[in-house]
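What follows is each chain in one-letter form.
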Amino acid sequence: MILTSLWMGWYIGNVSFPKTHYFRGKVYNLRWRKPSMTKKERKQHKKAGLQLMGKHTPPYYGSAGGMITIDKSLPMEDFADTTLHEALHACFPDLDESAITEASEDITKLFKRMGMKISFE
Ligand SMILES: [Zn+2]
């Protein structure tokens, strides 16, 4: 994956979209599309004026693994933040939404301030 920051923004190139990933020993299926919402979730997000960019479903008893869905059509910054956010959910399922949101936003802000350039090639 190449994730590059430019002076005024971000762009993404050569990114692959794996189908599975292990987080702390638990396998997750990864889906790279707009997450679906239940009627209740749709109502909650509309009320809060929020867009659902990613979704994390932890493994439940008897299931083969968890699932993470991330909208890959998001702008770069939202895509990176959402991927980090959902990965943190998978790593720390005991943390609540506000803790995960705070952590992912703070880490993303640090990366931005650093003019972070990440390359795995
Ligand atoms: Zn979340």
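Here the structure is a predicted model, which means the values were calculated and not measured. (Residues numbered from 1 in each chain as written. Predicted model: local features only at pLDDT ≥ 70, side-chain atom pairs only at ≥ 80, totals over all residues.)

## Observations concerning the sheet that holds strand E6 (residues 66-70)
Hydrogen bonds between backbone atoms are what pair the strands of a sheet, whose relative direction is either parallel or antiparallel. The criterion, for reference: Note on pairing: two strands pair once DSSP finds at least 2 bridges between them. Every helix listed is a DSSP run of H or I at least four residues long, and every strand listed is a run of E at least two residues long, numbered separately from the N terminus. A fitted line through C-alpha atoms serves as each axis, taken over the contacting stretch for helices, and the angle formed by two N-to-C directions is quoted from 0 to 180°.
Taken in spatial order, the 4 strands of this open sheet run E3-E4-E6-E5, and their pairing is mixed. Lying at the two open borders of the sheet, with one neighbouring strand each, are strand E3 (20-23) and strand E5 (54-57). This sheet shows a mean twist of 25° between the axes of neighbouring strands, independent of strand direction. Note: E5 against E6, 4 bridges, orientation antiparallel. When the sheet's bridge partners are listed, Gly-54 is paired in E6 with Ile-70.

## What to know about unusual backbone geometry
What counts, and what does not: Here the C-beta atoms are placed from the backbone, and a residue counts as buried if at least 20 other C-beta atoms lie within 10 Å of its own, exposed if 12 or fewer do, and partly exposed otherwise.
Although it is not a glycine, Arg-24 adopts a positive phi angle of roughly 50°. Its location among the elements puts Arg-24 in the loop between E3 and strand E4 (26-31). Take Arg-24: there are 8 C-beta atoms within 10 Å of it, and that puts it in the exposed class.

## Side note on helix H2 (residues 76-91)
What counts here: Here the expected span of a helix is defined as 1.5 Å times the quantity of residues minus one.
Relative to the 22 Å expected for 16 residues at 1.5 Å per residue, H2 spans 22 Å between its end C-alpha atoms, a close match to the ideal helical length. Those residues of H2 that sit buried are Phe-79, Ala-80, Asp-81, Thr-82, Thr-83, His-85, Glu-86, Ala-87, His-89 and Ala-90.

Geometric values such as these leave the question of function open.
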